[in-house]
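An overview of the molecular structure
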Amino acid sequence: MRVLILGCGWLAESFAIHMKHRGHEVWASTTTTEKYHRLNTDGIFSFILDFDKESFPAQVDLPTQFDFVLNSIPASQKNSVAILENRFTNIKSFYAHMTWKKQVFLSSIGIYPDKDRVFDESYADTTELSSKLLLAEASMLGLADTIIYRLGGLFGKNRVFAKYFSERICTTGEQPANFVHIDDVIRLLEAASYKALKHTVYNVVAPLHPKKKDVILASAKKYGYALPLAFEAGDVTQKIVSGKLLPEELDYQFVLPDPLQF
């Protein structure tokens, strides 16, 4: 299988190495020279490309046919609409000379509003969904054979939830955790590369949703981080994002279904 990865960040780099070890031919874009050399050392055909440049190349010297594309170029709430429009216009320009059997675009469950309810993929009130994430998703769904993975809070390896609250005050401890482990995301991406899927949008979230306070305490104990200075009353929104649809279609069992085990 020939795989193309755009935006080889923390998750995408792990996926690239995983697919390389599986015997696939992997191509990946990065914006830094350091990562370019690291990826090449790992046997990945890397190339430097910045999709935010105003003057974008019409074509890059790489194959034009791929079996699977992972688009990990982010759409952030921090970006302006103009930046996002330029970024995703450039991506589509890059794709103009290319074909693929399937593309997965990584989005975020941050697209859903902070409300006391369970959200699944059928939630379609565009007045409440994040307009910036919708812009990016719509841009990619306009391309052929594209699927959206809306990722939950991503942890694993050096990303430990307790680290971000060590010796700080936590005011979100009563919120449910809508998290997912990187090991499960990599497996779910690999499954999408060769299995048929019925829908175009999927939430990628671990099936269990403990309180964030309990995840902090468990991960602090497991990895030796100092506890928060205090857990204080704050945002207690009970937002739960359901990720049932994707594992049901793929007949997938989570390696780490409980964020308390991350």
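Our structure is the block above this text.
Calculation rules
- Numbers given for residues are sequential positions, taken from 1 along each chain in its written order.
- Per-residue local features of the predicted model are confined to residues with pLDDT of at least 70, and side-chain atom pairs are confined, for both listing and counting, to 80 or more; whole-chain, interface and lining totals are unaffected and use all residues.
- Excluding hydrogens and water, the side-chain values take into account all heavy atoms of the structure.
- We call two strands paired when DSSP finds no fewer than two bridges between them.
- A run of H or I in DSSP counts as a helix once it spans at least four residues, and a run of E counts as a strand once it spans at least two, with each numbered from the N terminus.
- An axis is simply a line fitted to the C-alpha atoms; with a helix, the fit covers only the stretch in contact. Between two such axes, the angle follows the N-to-C directions and lies from 0 to 180 degrees.
- Computed over the protein atoms alone on a 1 Å grid, cavities are sets of points where a 1.4 Å probe fits but cannot get out and pockets are open sets with protein on both sides within 12 Å along at least five of seven lines; a residue lines them when it has an atom within 4 Å of a point.
- Grid points are joined across faces, edges and corners, and a volume is the space filled by probe spheres set on the points.
- When residues are sorted by character, Ala, Val, Leu, Ile, Met, Phe, Trp, Tyr, Cys and Pro go into the nonpolar class, Asp, Glu, Lys and Arg into the charged class, and all the rest, Gly among them, into the polar class.
- Stacked, edge-to-face and tilted labels apply to pairs of Phe, Tyr and Trp rings (six-membered ring for Trp) whose centres lie within 6.5 Å, assigned for plane angles under 30 degrees, over 60, and everything in between, in that order.
- Two thresholds decide whether a charge sits over a ring: the Lys NZ or Arg CZ must be within 6 Å of the ring centre and within 35 degrees of the ring normal.

Strands sit in the order β3-β2-β1-β4-β5-β7-β11 across an open sheet of seven strands; the sheet is parallel. One side of each edge strand has no neighbouring strand; the edge strands of this open sheet are β3 (45-48) and β11 (201-204). Taking each pair of neighbouring strands and ignoring which way they run, the sheet shows an average axis angle of 20°. The pairing of strand β4 (residues 65-71) with strand β5 (residues 99-108) spans six bridges and is parallel. Each residue of the ladder has a partner; that of Phe-66, found in β5, is Trp-100.

The method is simple in principle: a probe with the dimensions of a water molecule rolls over the atoms, and the space it marks as empty is what remains. Space inside the largest pocket adds up to approximately 1,300 Å³. Around the largest pocket, the lining is made up of 48 residues, and of these Pro-74, Ser-107, Ser-108, Gly-152 and Arg-159 lie nearest the centre. For the lining of the largest pocket, the elements supplying multiple residues, two or more each, are α1 (10-21), β2 (25-30), β5 and β8 (153-155). With four residues, the single largest contributor to the lining of the largest pocket is β5.

Our focus in this paragraph is empty space enclosed by the protein. Under the counting rule described, the total for this entry stands at two cavities of 30 Å³ or more. Here the largest cavity defines a volume of roughly 70 Å³. Around the largest cavity, the lining residues are Phe-155, Gly-156, Arg-159, Val-160, Phe-161, Phe-179, Val-215, Ser-219, Tyr-223, Pro-259 and Phe-262. Here the element with the most residues in the lining of the largest cavity is helix α6 (residues 212-223); it accounts for three residues. Across the lining of the largest cavity, the residue classes tally to eight nonpolar, two polar and one charged.

Moving on to the packing of aromatic side chains. Per the counting criterion, the structure on display carries 16 aromatic pairs. Plain terms: the ring middles of Phe-88 and Phe-105 are 5.7 Å apart, the flat faces sit at 90° to each other, and that makes the pair edge-to-face. Taken together, the residues Phe-88 in helix α3 (residues 81-95) and Phe-105 in strand β5 connect sequence positions 17 residues apart. One aromatic cluster in this structure is built from Phe-47, Phe-51, Phe-94, Tyr-95 and Trp-100. One Lys or Arg, Arg-117, reaches over the ring of Phe-119 and ends 4.9 Å from the middle of that ring.

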